[in-house]
Amino acid sequence: MIESGAWLAAGRLNASAAQDDPRTVAARTRFFGAGIVDPDTGAVRADRVVLSWVGCTTYALAMAGAVFLLDAWVPRLTSTGYVPATPQDLVDLAPAAIFIGHGHFDHAGDAGRIAEASGALVYGTADHGVNIRAQVTDPTFRTVALGDASSAPGERHEFSVGPVQITAVRHVHSAPTAPERPGGSAPFFPRPDWRALVRHPPSPAGVLQSAPRLRDPEGGTLLYQFRVPGFSLVWHDSAGPLTEKAPQVFDVFADLPPTDLQIGAVQGFNQITNGLRDPRRYIEAIRPKLFVPSHHDNWLPGLTASAATYDAPLRAELARLSVDQRPEFRPLHDPLDYLSPHRLTFPL
């Protein structure tokens, strides 16, 4: 039995959407676990941090009683059903806020419809907001701008949402650069895995829902740190070539409060010339206790690969860090670890 003091009243951040709604109770139980969610109200435990992976870099996050989405897109462009979730499932979670790392379709493609239906407030750059507002019909729909596409790398934004303190840092999107010698890493070409496409062929609805967002611009790229007493989480949905483009951002990362968990994108355009050097450099600056890779799953067969193919090169990159900088490594594998909250549950 969980004592009542362990629960934060459901929806103090979003009460009208969550309180006593059986759809929210069911969705939160599925995404966060039965021991985390009050079966009557849908409240989530205030003494836990729980993350549930929804494909690519989208995560449902329960933190100190608040429910958020990190990015907002359910993969279904080519492999409909590979991720066992729908945008409606994310609506039913009744998130208080949605945090966008960058504006490409595979990160923000469902943000408007989820936010409009759930009442969640969307945080991202002003440019993200323009594109997300174009997805909705409500003329009063608003977003929170954290800089814009022209903001300088390293720009910081400090704010709070409910019990959670948040720092957003402008960084850069992944991009190919010339091989770095010495210091770089060997090129990495993951082998395509077509089985997901065979087992989960595209559906007309999935294609039609995603196609209008295919040309959405990046609009700037943000890294977020979320903090509550006893725990801090860094999440970023891209890892760019800061070494060449904005090395000063490493100092901004290093200046963040200590990080317990870093969830970071590892697949990127620079892997064809510099391997997984860029994710390693992010880890080196942030110095988390635990690192979990993301944006490495096989939701777009032919251009992406199964997450397991990244395990060996990631372990090799981590081995290049000094022992005092080397985090624990916890890989998530698709499709087994989608919506598996037991993989990322932490006490406060």
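One can find the structure itself at the top, above this paragraph.
A brief look at the structure comes next.

Parameters at a glance
Going along each chain's sequence as written, the residues are numbered from 1 onward. Selection of residues for local features in this predicted model requires a pLDDT of at least 70, selection of side-chain atom pairs for listing and counting requires 80 or more, and totals for whole chains, interfaces and linings are taken over all residues. Hydrogens are left out, water is left out, and the side-chain values use all remaining heavy atoms of the structure. Think of it this way: any DSSP run of H or I at least four residues long counts as a helix, any run of E at least two long counts as a strand, and we number them from the N terminus. Between the two quantities, the radius of gyration covers C-alpha atoms and the globule rule is 2.2 Å times the number of residues to the power 0.38. Accessibility here uses a 1.4 Å probe with only protein chains present; expressed as a share of the type maximum, an area under 20% marks a residue as buried, one over 50% as exposed, and anything in between as partly exposed. Residues are treated as being in contact if the distance between any of their heavy atoms lies within 4.5 Å. Here, any two strands with at least 2 DSSP bridges between them count as paired. Interaxial angle, 0 to 180 degrees, is taken between N-to-C directions of lines fitted to C-alpha atoms, where a helix line uses only the stretch in contact. In protein, a polar contact requires one atom able to donate a hydrogen and another able to accept it; more generally it is a pair of N or O atoms within 3.5 Å, and residues adjacent in sequence count only if both atoms are side-chain atoms.

**A closer look at the overall build of the protein**
Okay, so step 1: Counting secondary structure elements, the protein contains 13 helices and 14 strands.
Okay, so step 2: Here the C-alpha radius of gyration of the protein, 19 Å, is about what a compact globule of 348 residues would show, namely 20 Å.
Okay, so step 3: With respect to the three principal axes, the spread of C-alpha positions in the protein is 60 × 45 × 40 Å.
Okay, so step 4: Relative to its 348 residues, the protein shows a buried fraction of 63%.

**Focus: the side chain of Gln 271**
Okay, so step 1: Here Gln 271 shows up in helix 11 (residues 271–274).
Okay, so step 2: Residues in contact with Gln 271, not counting those within four places in the same chain, are Pro 187, Phe 188, Pro 190, Val 266, Leu 276 and Tyr 310.

**As for the sheet that holds strand 11 (residues 261–265)**
Okay, so step 1: Spatially, the seven strands line up as an open sheet ordered 7-8-9-10-11-12-13, and their pairing is mixed. Edge positions in the open sheet fall to strand 7 (156–161) and strand 13 (328–329), since each of these has one partner strand only.
Okay, so step 2: The pairing of strand 10 (residues 231–236) with strand 11 spans four bridges and is classified as parallel. When the sheet's bridge partners are listed, Val 234 is paired in strand 11 with Gln 262.
Okay, so step 3: With respect to the sheet, helix 12 (residues 277–286) is in contact with strand 8 (164–171), strand 9 (221–228), strand 10, strand 11 and strand 12 (290–294), its orientation differing from that of strand 11 by roughly 160 degrees.

**Here we look at the side chain of Thr 57**
Okay, so step 1: Residue position: Thr 57 is located in the loop between strand 1 (48–53) and strand 2 (59–63).
Okay, so step 2: Reaching out from Thr 57, the side chain makes a polar contact with the side chain of His 107 at a distance of 2.7 Å.
Okay, so step 3: When residues no more than four places from it in sequence are discounted, the contact partners of Thr 57 are Leu 70, Asp 71, His 107, Trp 235, Asp 237, Ser 294 and His 295.

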